[in-house]
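Here is how the chains run, residue by residue.
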Number of protein chains: 2
Amino acid sequence: MQSSLRLGLAGLGTVGASVVRLLAKHGDDLAVRCGRRISLRAVSARDRTRDRGIDLANVNWFQDPVKLAANPDIDVFVELIGGASGPAEESVRTALEHGKHVVTANKALLARHGVELARLAEKKGVSLNFEAAVAGGIPIIKTLREALAGNEITRLAGILNGTCNYILTRMERERISFDECLKDAQRLGYAEADPTFDVGGFDTAHKLALLTSLAFGSEIDVDQIFIEGITSIGLPDIEAADELGYRIKLLAIAEKNEGGIEQRVHPTLVPKTSAIGRVDGVLNAVAVDADFVGKLMLVGPGAGGDATASSVVGDIADIARGTALNTMGRPAEQMKPYRKSDVESHAGGFYVRLSVYDRPGAFAAIANRMAERGISLESIVQRAGRPMADQPNTGSPAMTRQVIMVTYQTTEAAIREALARIEQDGHVSDPAQFIRIEAM
Amino acid sequence: MQSSLRLGLAGLGTVGASVVRLLAKHGDDLAVRCGRRISLRAVSARDRTRDRGIDLANVNWFQDPVKLAANPDIDVFVELIGGASGPAEESVRTALEHGKHVVTANKALLARHGVELARLAEKKGVSLNFEAAVAGGIPIIKTLREALAGNEITRLAGILNGTCNYILTRMERERISFDECLKDAQRLGYAEADPTFDVGGFDTAHKLALLTSLAFGSEIDVDQIFIEGITSIGLPDIEAADELGYRIKLLAIAEKNEGGIEQRVHPTLVPKTSAIGRVDGVLNAVAVDADFVGKLMLVGPGAGGDATASSVVGDIADIARGTALNTMGRPAEQMKPYRKSDVESHAGGFYVRLSVYDRPGAFAAIANRMAERGISLESIVQRAGRPMADQPNTGSPAMTRQVIMVTYQTTEAAIREALARIEQDGHVSDPAQFIRIEAM
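Residues numbered from 1 in each chain as written. Chains lettered and ligands numbered in written order. Predicted model: local features only at pLDDT ≥ 70, side-chain atom pairs only at ≥ 80, totals over all residues. Heavy atoms only, no water.

- Chain A is annotated in an unreviewed UniProt entry as Homoserine dehydrogenase from Methyloraptor flagellatus.
- Taken verbatim from the UniProt record of chain A, the Sequence similarities (unreviewed entry) comment is "Belongs to the homoserine dehydrogenase family." (UniProt positions renumbered as here; feature names shortened; annotations may be inferred.)

Next comes the structure, spelled out in structure tokens:
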């Protein structure tokens, strides 16, 4: 048997503690599988006194993760600190510069510095693995980077944030308002005290940026992602979508089209009967369309210490077995610059909800504005005089009616123009709500 | 760039032709991803004259796949001939003995000779990869062998035969008889002229045998699999399951319990709302339960030339990149002998359908027989006097009623005993139908 693979682990939060427990529980089996032992040599965390329920008696303790990363007694640096800069970035960079493999769960770091770090890893001839950074326990990185190597990927769509999916699922099932669901999610530990990063779609965007790069061989470019969170989704939308046969999901979508690559994160109406429409609660899912394999979908836990630890250790096991891959599945120098496709050119169906003043001619005026832009309507639902649960308070709710329209395929530009005109015409009391529809 | 990886491909059926097309289409991208070109040097197939729509002008032709396997000009032998013995076995063995890597889609070969071939591959220091042998384009082998290396798997359940799933889906959706669905499947090319291998559950069993070995580190043992096909499933069962909130799927299940490992292939009632219950048509799916990752499910195309070629080329790309893994995820010598758990000890709920003579006391007698064995009934549906679509012709159908019972958790032994007694009592016109229920 080869000499053992020596780990230094920085960050002993939920995931870090699970990794330590996993290595203790399955150490013998991992040694059989990998042909060598995986041995935790050193850790770094802020609070040394906290009881994490794990045995660290034989492990060296470093106050400073950067010192740990440079330590000559480790072969692999496992970064579970988090954050796009600061100690996480500094320690990962240090580890790579010292010729150590790196395993990280840090999506923010890679979304910001992935290409550069990949280049550094290649230069040093080491691995930079990050299965745990996207979709928790789901092996989507390995699937894109290795299993689908023979495919041209045309599109991927994912539910990548469990917090948002939990909130949307509860809103739909129990008809509870967004705010109430969010509070429950916070109480259950699914959402942070400041939930902006999750519900604003930014966490999803970081993950999408990595998947896009892997899928299309382009450089990571998180700043070019169109991002819309779920905070504007109200019960009227949930209810209307349900009636129309849809569910609302926060989807991350990347697709190739003539103009380049489109990356978007936004609430999306998906058919209830579609596979991704049925992914409920805190689960994550990624659906891939590719020229040879066709459609593939992976569903599993997107977060949680144990599930994420499974991915971290999968990455470590690859290193122990000697598997060497370029970080993004191809040499960093071969990655093409990201060419953004104009999201306004996105074509598809749209869901539109308007609060229309209840007066003669209003509806005709709206229909005309849609027709002017060549937008055909697949269905129209007008809800007469029934103010809905969390309808925005417009002062005199009885005076408006909710008009819900589903369009046939059109462009986002056409919809935006038509809605701008409708708002200018003064027939609606509030800005229009519009949500993209994906056939899936 | 390293020298190119030279392939010899035996078998130019649907999958073989797709592999050739894939390599032609994505050769440049594969070279970037793998750091070396993958170059098809030679092929072997029975009929040299057939037009397969692929360009083989620069490729050597071998009449005999065994000679191709021994050819010094190839590094990887790709076996797409099929069959557990004969030329497939001989050529794979020859390739390994000559120190060549092997990529195969041949589930029957590996189910029969996998352990021995794995041992040979290890001895020669080469790879024996078989992603395409199970679930077509779904990367379940990679997931079990690599991604989940840090997990103890407790259970896996899969829909591994598209033909069966197509038939069951159509029976349910259109209420068409088994025979008619099978004929359509044959017409559409989903089923062979002799469908026994598919509908009898044997194809599924071969695939399960490989997954079990990967999941539990046990030696492959296809002969110990409990196999029940779908030929006994009638429309009355499909209809009753539907009413009770279930779908019938041919599942392959492997799970660890105290007695050993249980491997079974049989029709199963799964909740309509479960993820696996929603896998329709020719799709395949594999659900894995493991201690750290929790529940993971992969869904995708289980057959078809292109989807299978995706897996074949994924395996080739791994070899091109230098990834070296033991065939079954651990050294063959470390695989434990398969210890079978007694399937009769299987505990769970059961669906029972009886054709009961319509006479006083019959139902009470049946209920007593169930009670004697401690079997509690969750629900009972008695269908009065309505002979159903494809109910077996019992001579005087008006004299029997269909009684459908769903039991609470009990053992398979208890159910079998109770049903034997009920049949002895003479209250039923036909052997009882019973189908296992899985909560999923």
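Let's pick the thread back up.
**A word on the pattern of salt bridges**
(1) Moving on: Following the criterion strictly, the structure yields 74 salt bridges over all chains and no others.
(2) Moving on: In this structure, A:Glu146 and A:Lys142 form a salt bridge, with 3.1 Å as the shortest nitrogen-oxygen distance. Taken as a pair, A:Glu146 and A:Lys142 lie in helix α5 (residues 140–147) at a separation of 4 residues, close to a single helical turn. Summarising the burial analysis for this pair, A:Glu146 and A:Lys142 share the class buried.
(3) Moving on: For the salt bridge of B:Lys107 with B:Asp203, the shortest nitrogen-to-oxygen distance reads 3.5 Å. In this pair, B:Lys107 sits in helix α4 (residues 107–124) while B:Asp203 sits in helix α9 (residues 202–216), placing the two residues 96 residues apart along the sequence.
(4) Moving on: What makes B:Lys107 partly exposed here is its relative accessible area of 21%.
(5) Moving on: Among the charged side chains, a network of salt bridges with common partners joins A:Lys142, A:Glu146, A:Asp318, B:Lys142, B:Glu146 and B:Asp318. (Salt bridge = Lys/Arg side-chain N within 4 Å of Asp/Glu carboxyl O. Helix = DSSP H or I, 4+ residues; strand = E, 2+ residues; numbered from the N terminus. Buried < 20%, exposed > 50% of the residue type's maximum accessible area, 1.4 Å probe, protein only.)

**Description of the UniProt feature "active site" (unreviewed entry) in chain A**
All names here are of chain A.
(1) Moving on: Here the UniProt feature "active site" (unreviewed entry) sits at Lys207.
(2) Moving on: Following the sequence through the fold, Lys207 ends up in helix α9 (residues 202–216).
(3) Moving on: Other than its neighbours up to four places away in sequence, Lys207 contacts Lys107, Ala133, Val134, Ala135 and Leu160.
(4) Moving on: In terms of polar contacts, Lys207 uses its side chain to reach the side chain of Asp203, at 2.7 Å. (Contact = heavy atoms within 4.5 Å. Polar contact = N/O pair within 3.5 Å; in protein donor to acceptor, adjacent residues only side chain to side chain.)

**With respect to the sheet that holds strand β6 (residues 128–129) of chain A**
All names here are of chain A.
(1) Moving on: Read across the sheet, 6 strands follow the order β3-β2-β1-β4-β5-β6 without closing on themselves; strand pairing throughout is parallel. The two strands at the open ends of the sheet, each matched to only one other strand, are β3 (60–62) and β6.
(2) Moving on: Looking at chain direction, strand β4 (residues 76–79) and strand β5 (residues 101–104) are connected through 4 bridges and run parallel. Bridge pairing in β5 links Val78 to Val103. (Pairing = 2+ DSSP bridges.)

**Describing helix α3 (residues 86–97) of chain B**
All names here are of chain B.
(1) Moving on: The end-to-end C-alpha separation of α3 is 17 Å, in line with the 16 Å expected for 12 residues at 1.5 Å each.
(2) Moving on: For α3, the full list of buried residues reads Ala88, Glu89, Ser91, Val92, Thr94, Ala95 and Leu96.
(3) Moving on: Where α3 is buried, its residues touch α2 (65–70), β4 (76–79), β5 (101–104), α4 and β6 (128–129).
(4) Moving on: Gly99 sits one or two positions beyond α3 and adopts a positive phi of about 75°. (Expected span 1.5 Å × (residues − 1).)

**Some points on unusual backbone geometry**
All names here are of chain A.
(1) Moving on: Within the chain, Arg175 stands out as a residue other than glycine whose phi angle is a positive 55°.
(2) Moving on: Mapped onto the secondary structure, Arg175 falls in the loop between α6 (162–174) and α7 (178–187).
(3) Moving on: Since its relative accessible area comes to 33%, Arg175 is described here as partly exposed.

**With respect to the domain arrangement of chain A**
(1) Moving on: Looking at chain A, the domain boundaries give domain 1 (5–133), domain 2 (140–301) and domain 3 (346–437).
(2) Moving on: Using C-alpha coordinates to define each centre, domain 1 of chain A is positioned 52 Å away from domain 3 of chain A. (Domains from an automatic or database assignment.)

**Focus: the side chain of A:Asn106**
Residues and elements named next belong to chain A.
(1) Moving on: Within the fold, Asn106 resides in the loop between β5 and α4 (107–124).
(2) Moving on: Given the relative accessible area of 4%, Asn106 is considered buried.
(3) Moving on: Only 3.2 Å separates the side chain of Asn106 from the side chain of Glu79, close enough to count as a polar contact.
(4) Moving on: Here Gly83 takes part through its backbone oxygen, which lies 2.9 Å from a polar atom of the side chain of Asn106.
(5) Moving on: When sequence neighbours within four positions are dropped, the list of residues in contact with Asn106 reads Glu79, Gly82, Gly83, Ala88 and Ala133.

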